[in-house]
Amino acid sequence: MRDDTPTGDAVTCTGLRYSFGGTKAVDGVDLTVCAGEVFGLLGPNGAGKTTAIRCVTTLLPVPSGMVRVFGYDAATQKMAVRRLLGYVPQQLSADASLTGRENVSLFARVFDVPRRERAGRVGQALEAVGLADAADRMAGTYSGGMVRRLELAQALVSAPRLLMLDEPTIGLDPIARTSVWEHIMAVRAATGMTVLVTTHYMDEAEQYCDRVALMHKGQVRALGTPERLIADLRERRGDGAVPTLEDVFRDVAGSGLDEGGGEFRDVRRTRNTASRVG
Ligand SMILES: Nc1ncnc2c1ncn2[C@@H]1O[C@H](COP(=O)(O)OP(=O)(O)OP(=O)(O)O)[C@@H](O)[C@H]1O
């Protein structure tokens, strides 16, 4: 019998590069996401986070370097990689004119959840994100936090081993942000899935991520547990003050962090995402 249980590290990127014309969006990224951890890819607008994770999802090709997901090559074994993934993109992926249940059912069909298991799995996914009671309402009537949780259910219905979330809490109020994270963490605790998340909310990363990579201008400038990165900066500064993860970021990114903060396209996309869930 074939054993499909994925083994080894969840994600390995080696020398990953991706350019849009002359723009080096990802400029030589090396990182490993261990199985079962919550890994945060952090950085300001335009740092290269979305491009990097799109390469991992196989939505973008890997023109240079290597990306592996549980050992499968994202360039040559796309379908094997896709079968292991759940992905919540920044752009809206729920249909406002369908109910929550219909939206999740659609994803169950797309991801080939066996017909006889479908209704049960859709119900479980909605339950897992706290939407069981609202499942038969139109998604158009949901609050921003509920829409994000619905998108989470869509990604969870295929029981992914690796859940990838691009800015899952952008534009949400603090209560809705906490609720999204609590549901992610509960599913992760129940299933042992790996979570790879991009965010520019340093406080969330500090609270929920086991390890983080700080990206700036297409490169990983620091990588480790939030505690280690903070302790290292504290030691370097030697003034007794306890820095935050944001201080660490400013330290590794230098003054570049304040210059512009991404191109117009990046800011506009962030605003669009924020306003459609807000
Ligand atoms: N489709 C595209 N065409 C041209 N350039 C792009 C495109 N998508 C991204 N870029 C550029 O690539 C760089 C990295 O963008 P990317 O979206 O990966 O950053 P990000 O860290 O995810 O930003 P954000 O937080 O705004 O999502 C930026 O300079 C951006 O302008």
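- The name an unreviewed UniProt entry gives the protein is ABC-2 type transport system ATP-binding protein, with Nonomuraea jabiensis as the organism.

Quick notes on the pairing of strand β1 (residues 11-20)
At step 1: By the bridge criterion, eight bridges tie β1 to strand β2 (residues 23-33) in an arrangement that is antiparallel. From the neighbouring strand, Phe 20 faces β2, where its bridge partner is Thr 23.
At step 2: Hairpin connection between β1 and β2: a loop of two residues separates the two successive antiparallel strands, and Gly 21 in this loop has a positive phi of roughly 55 degrees.

Looking at unusual backbone geometry
At step 1: For Thr 58, which is not glycine, the phi torsion reads 75 degrees and is therefore positive.
At step 2: Its place among the elements puts Thr 58 in the loop between α1 (49-57) and β4 (64-69).
At step 3: Here the phi dihedral of Asp 112 falls at roughly 65 degrees; this positive angle occurs in a residue that is not glycine.

Brief notes about the pattern of salt bridges
At step 1: This structure, assessed with the given rule, holds 13 salt bridges.
At step 2: Where Lys 49 meets Glu 167, a salt bridge forms, and the shortest distance between an N and an O atom there is 4.0 Å. Placement of Lys 49 in helix α1 and of Glu 167 in the loop between β7 (162-166) and α6 (174-191) is noted, with a sequence separation of 118 residues between them.
At step 3: Lys 49 gets classed as buried once you look at its relative accessible area, which sits at 5%.
At step 4: Among the ionic pairs, Asp 232 bridges to Arg 228, the shortest N-O distance being 2.9 Å. With Asp 232 and Arg 228 both in helix α8 (residues 226-237) and four residues apart, this pair spans about one turn of that helix.
At step 5: Judged by relative accessible area, Asp 232 falls into the partly exposed class, the value being 28%.
At step 6: Among the charged side chains, a network of salt bridges with common partners joins Arg 177, Asp 203 and Glu 204.

Some thoughts on the side chain of Asp 27
At step 1: You can see Asp 27 is positioned in strand β2.
At step 2: In terms of polar contacts, Asp 27 uses its side chain to reach the side chain of Gln 219, at 3.3 Å.
At step 3: Ignoring sequence-local partners within four residues, the contact set of Asp 27 consists of Leu 16, Arg 17, Lys 217, Gly 218 and Gln 219.

Remarks on the packing of helix α3 (residues 100-110) against helix α4 (residues 115-128)
At step 1: For the pair α3 and α4, interaxial distance at closest approach is 9 Å and the crossing angle is 125 degrees. Classified by the angle between their axes, α3 and α4 sit oblique to one another. Judged by the twist between their axes, the crossing of α3 over α4 is right-handed. The segment α3 lies against α4, with Gly 100, Arg 101, Val 104, Ser 105, Ala 108 and Arg 109 engaging Arg 118, Val 122, Ala 125 and Leu 126.
At step 2: Broken down by class, the residue content of the contact of α3 with α4 amounts to five nonpolar, two polar and three charged.

Regarding the confidence of the model for the protein
In low-pLDDT regions, the fine details of the predicted coordinates are not to be read closely.
At step 1: When pLDDT is averaged across the protein, the result is 89; 89% of the residues are at 70 or more.
At step 2: Low pLDDT, under 50, characterises residues 260-268; the predicted model gives this stretch seven contacts beyond four residues in sequence or across chains.

Quick notes on the packing of aromatic side chains
The description of an aromatic ring pair uses the distance of the two centres, along with the angle that the planes make with each other.
At step 1: For the coordinates displayed, the defined rule picks out three aromatic pairs.
At step 2: Plain terms: the ring middles of Phe 107 and Phe 111 are 6.3 Å apart, the flat faces sit at 20 degrees to each other, and that makes the pair stacked.
At step 3: Residue Phe 107 is classed as buried on the basis of its relative accessible area of 19%.
At step 4: What makes Phe 111 partly exposed here is its relative accessible area of 36%.

Focus on the sheet that holds strand β9 (residues 211-216)
At step 1: Here we have six strands laid out as an open sheet, ordered β6-β7-β8-β3-β9-β10, and mixed in their pairing. The sheet is open, and its two borders are formed by β6 (85-88) and β10 (219-224), each paired with just one other strand. On average, each strand axis in the sheet is inclined to that of its neighbour by 15 degrees, with strand direction left out of account.
At step 2: Bridge count between β6 and β7: four bridges; the pairing is parallel. Residue Val 88 lies in a different strand from β7, and its bridge partner there is Leu 165.
At step 3: Seen against the sheet, helix α9 (residues 245-253) touches β3 (38-42), β9 and β10 and runs at an angle of roughly 40 degrees to β9.

About the criteria used
Residues numbered from 1 in each chain as written. Predicted model: local features only at pLDDT ≥ 70, side-chain atom pairs only at ≥ 80, totals over all residues. Heavy atoms only, no water. Pairing = 2+ DSSP bridges. Helix = DSSP H or I, 4+ residues; strand = E, 2+ residues; numbered from the N terminus. Salt bridge = Lys/Arg side-chain N within 4 Å of Asp/Glu carboxyl O. Buried < 20%, exposed > 50% of the residue type's maximum accessible area, 1.4 Å probe, protein only. Polar contact = N/O pair within 3.5 Å; in protein donor to acceptor, adjacent residues only side chain to side chain. Contact = heavy atoms within 4.5 Å. Axes fitted to C-alpha atoms, helices over the stretch in contact; angles between N-to-C directions. Parallel < 35°, antiparallel > 145°, perpendicular 65-115°, else oblique. Left-handed = near helix turned anticlockwise from the far one by under 90°. Nonpolar A, V, L, I, M, F, W, Y, C, P; charged D, E, K, R; others polar. pLDDT = per-residue confidence, 0-100. Phe/Tyr/Trp six-rings, centres within 6.5 Å; stacked < 30°, edge-to-face > 60°.

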